[in-house]
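Per-entry structural report
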Amino acid sequence: MLETIEVTGSRIDPRDLITNNQEGGVDEGDIVKKSGDFLLVLRGGSLHSVRIARQGRAVLEHAGSLRLAEDGDDRIWFDEILTFGPRVLLLGFNYGEDEPVAELQLFHLDANGGLVRDARFWLRSNDYFDGDNYGARLQGDNLLMSLQLPLQLQGEMAWPEWSRRDVPAPGWTPLLEAADLYYPMLPGRLPRIHVLLQCPLAGLDDERLACRSTGFVAEGRSELYATRTHAYLALGGLAPQAWRSKLVLPDDGDWPVEAWPLRRTSIVRVPFGAGDPTVATVHGDIDQSFQFREDAEGALWVLPLSGEHDDDERTTRYGLYRLAPEDFSGFAGEPSPARAFAEVPGGVGTIRFDREVVWFGESSWWGQKKPSPGRLWALGLGDGVLTPVPVTHSVQFMQPAGDRMLAIGLVPGGGMAASVLAGAGQPRRLHTLDWPGYFSSESRSHAVNVGRLPGGPLLLGLPAWPESSRSRDDDTWPEEQASDLLYARIDGDRLSAAGVLSMQDAGGQDCEDCWDWYGNARTFFVGGRVFALSGSLLVEGAWTGDRVQRRARLLLP
């Protein structure tokens, strides 16, 4: 076992939080981060530093770049940056090794924004990539990650281990021992080891990996959700009686209606600090972190998918659960009772909780030329009443903005739109703003952001492709095209257009592939400044009283 270090407090500077994170105070890995007077941008296999302030004066200057592949090794794909103080952490996956390994590289920024390598770690793990989630977080004073490997009871198997790779004789150290595993969570034919890592940042300062590791044996994939005080790991599987039933299907089979009651998810609650993990079980599947929300009383709201069937139209069934701290106990027991169920027509693609309701909406296929009419529902957390809320567009994103929810998507016939929603009382749509001539360019939650300018308005920003960039003969999205950044002003219950930062100059289009797994365009707010990133072009915008306009530009090398 590795040494366990317990540190209180947090090394996250609130002024450096620019990412649209799910939970306040829990930073998620992304392609652009802030560290003091510098921005860090991950682009095309290089890490760039950009100075945005010098002795309190606003600037926009390239400070340094570092090619991440060493010795021409381009088999490592880096996805995420995290920063704490002057330290920079990169997470990537090494596709060139016989056994799968995730890779952590640690850097520090010098006073001029130069990047200096400090340490390189390998972690044995299957690929961490998730289309709806992120591989690493900073929670309090710790780096938080989850990893998994198949549990092979016969023959050789890879074990969860770590290794320092920039030392003369690298060796492997187990992250935990077999006797330390909790198992089985749910029985299965293809068990895996799921490990939750809490690695103190103090150890990274000393360029060592000293993690509190908690391991579980369970079937299938896992989904991580983190708050200021707890990490939750959702582990899917089947009820024990499923293995005595003829309804158990091959791994690639579709589930019949009568088999859905056998689906289960065990939710492990790991305290951040002292204390043992506990578990609660619900019916159904969880495949995105937005199916969770921890409330102010420490209870966990969960909305698992609990059934699908296809008669005249596909119908999706969800169960709503509220798990109080006392509902989490040992590793045995029947599923907790649901507070409510909701059956909605169509396929739900977007889910978001607010204080009064959980919203879920139907999304179009990303980049679809002719999106379906919008369908959106609100399920009351208190009364369990399902309310349809008509909107004029699909729902690609949902984003909290104060005590309102924003729904953003594609309009049938062309263009994009955003609607302001109210969940208190009778759930309803309050106002809609249209952006004709644009369509969605990204699907990740980090692509959308909301920020309040000091003494100014609350702004929504999101990337979009101009309709003019789409090929007439192609219904897919133009991967070589840079995204523009659209802005809207949020005034209570209304939205108003607040300008567009065009990224279609030579710098904005100069990239081999303007779309990557984690996306390529971001907007973020630093004090009274507005920044837009698209491909290799970084633009600073200025608020002029009624809109965002370009102030400066920087083309990354």
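Look above for the structure.
Note that the structure is predicted; figures quoted are calculated from it, not measured. Counting starts from 1 at the beginning of each chain's written sequence and moves along it residue by residue. Totals for whole chains, interfaces and linings use all residues, but because this is a predicted model, local features are given only for residues with pLDDT of at least 70 and pairs of side-chain atoms are given and counted only at 80 or more. Excluded from the side-chain calculation are hydrogens and water; included are all heavy atoms of the structure.

1. Quick notes on the overall build of the protein
Cut-off, in case you're wondering: Helix and strand assignments come from DSSP, with helices taken as H or I runs of at least 4 residues and strands as E runs of at least 2, each series counted from the N terminus. When accessible area is computed with a 1.4 Å probe and restricted to protein chains, residues below 20% of their type maximum are described as buried, those above 50% as exposed, and intermediate ones as partly exposed. Contacts were defined at the residue level, with two residues in contact if any of their heavy atoms lie within 4.5 Å. Per-residue and other accessible areas were derived by the Shrake-Rupley procedure at a 1.4 Å probe size, with only the shown protein chains allowed to occlude residues.
The helix and strand tally for the protein stands at two helices and 41 strands. Residues classed as buried in the protein amount to 59% of the 557 residues present. Taking all contacts inside the protein whose residues are at least 6 apart in sequence as the whole, residues at least 24 apart take part in 58%. Accessible area of the protein: about 22400 Å², with a carbon and sulfur share of 48%.

2. Side note on the side chain of Ser-419
Threshold: Throughout this description, a polar contact denotes any pair of N or O atoms lying within 3.5 Å of each other; where both atoms belong to protein, one of them has to be capable of donating a hydrogen while the other can accept it, and for residues adjacent in sequence the pair is counted only when both atoms sit in side chains.
In this structure, Ser-419 sits in strand β31 (residues 416-422). Judged by relative accessible area, Ser-419 falls into the buried class, the value being 0%. At a separation of 2.8 Å, a polar atom in the side chain of Ser-419 contacts the side chain of His-393. Excluding anything up to four places from it in sequence, Ser-419 contacts Val-391, His-393, Met-405, Leu-406, Ala-407, Arg-429, His-431, Thr-432 and Leu-495.

3. Some remarks on the packing of aromatic side chains
Put simply, the test is: Two rings from Phe, Tyr or Trp (for Trp, the six-membered ring) form a pair when their centres are within 6.5 Å of each other. A pair whose planes differ by under 30 degrees is stacked, one over 60 is edge-to-face, and the rest are tilted. Sitting over a ring, as applied to charges here, requires NZ of Lys or CZ of Arg to be within 6 Å of the ring centre and within 35 degrees of the ring normal.
A complete count under the given rule lists 14 aromatic pairs for this structure. Between Phe-129 and Tyr-518, the ring centres sit 5.6 Å apart and the planes meet at 55 degrees, which makes this aromatic pair tilted. Of this pair, Phe-129 sits in the loop between β9 (115-124) and β10 (136-139) while Tyr-518 sits in the loop between α2 (506-509) and β38 (521-526), and the two are 389 residues apart along the sequence. Residue Phe-129 is classed as partly exposed on the basis of its relative accessible area, which comes to 31%. By the ring-pair criterion, three or more aromatic residues cluster together here, those being Tyr-225, Tyr-232, Phe-292 and Phe-328. Across the ring face of Trp-122, the terminal group of Arg-165 is positioned such that the distance to the ring centre comes to 4.0 Å. In this arrangement the basic side chain of Arg-269 is found over the ring face of Phe-328, its NZ or CZ atom lying 5.6 Å from the centre.

4. Observations regarding the sheet that holds β38
Within a sheet, adjacent strands bond to each other through the backbone by hydrogen bonds, running parallel or antiparallel. Definition in use: Paired strands, in this sense, are two strands between which DSSP finds at least two bridges. An axis is simply a line fitted to the C-alpha atoms; with a helix, the fit covers only the stretch in contact. Between two such axes, the angle follows the N-to-C directions and lies from 0 to 180 degrees.
Read across the open sheet, the four strands follow the order β38-β39-β40-β41; overall the sheet is antiparallel. Unpaired on one side and paired on the other, β38 and β41 (548-555) mark the two borders of the sheet. Ignoring which end each strand starts from, the neighbouring axes of this sheet average 25 degrees apart. In terms of strand pairing, β38 meets strand β39 (residues 529-534) through six bridges, oriented antiparallel. Bridge assignment links Phe-525 to a residue of β39, and that residue is Val-530.

5. A look at the nonpolar core
It is characteristic of soluble globular proteins that their nonpolar side chains tend to be buried jointly. Selection criterion: Each nonpolar core is a collection of buried residues, namely Ala, Val, Leu, Ile, Met, Phe, Trp, Tyr and Cys, held together in the definition by side-chain atoms within 4.5 Å.
By size, the foremost hydrophobic cluster in this structure holds 50 residues, and its most contacted members are Leu-104, Leu-123, Leu-143, Leu-197 and Leu-209. In terms of residues, this core owes the most to one element, strand β14 (residues 191-200), which gives four residues. With residues near it in sequence (within four places) discarded, Leu-143 still touches Leu-82, Leu-89, Leu-104, Ala-136, Arg-137, Leu-138, Leu-197, Gln-198, Cys-199, Leu-201 and Leu-204. Within the second largest apolar cluster, 22 residues are counted, among which are Phe-397, Val-448, Ala-488 and Ile-490.

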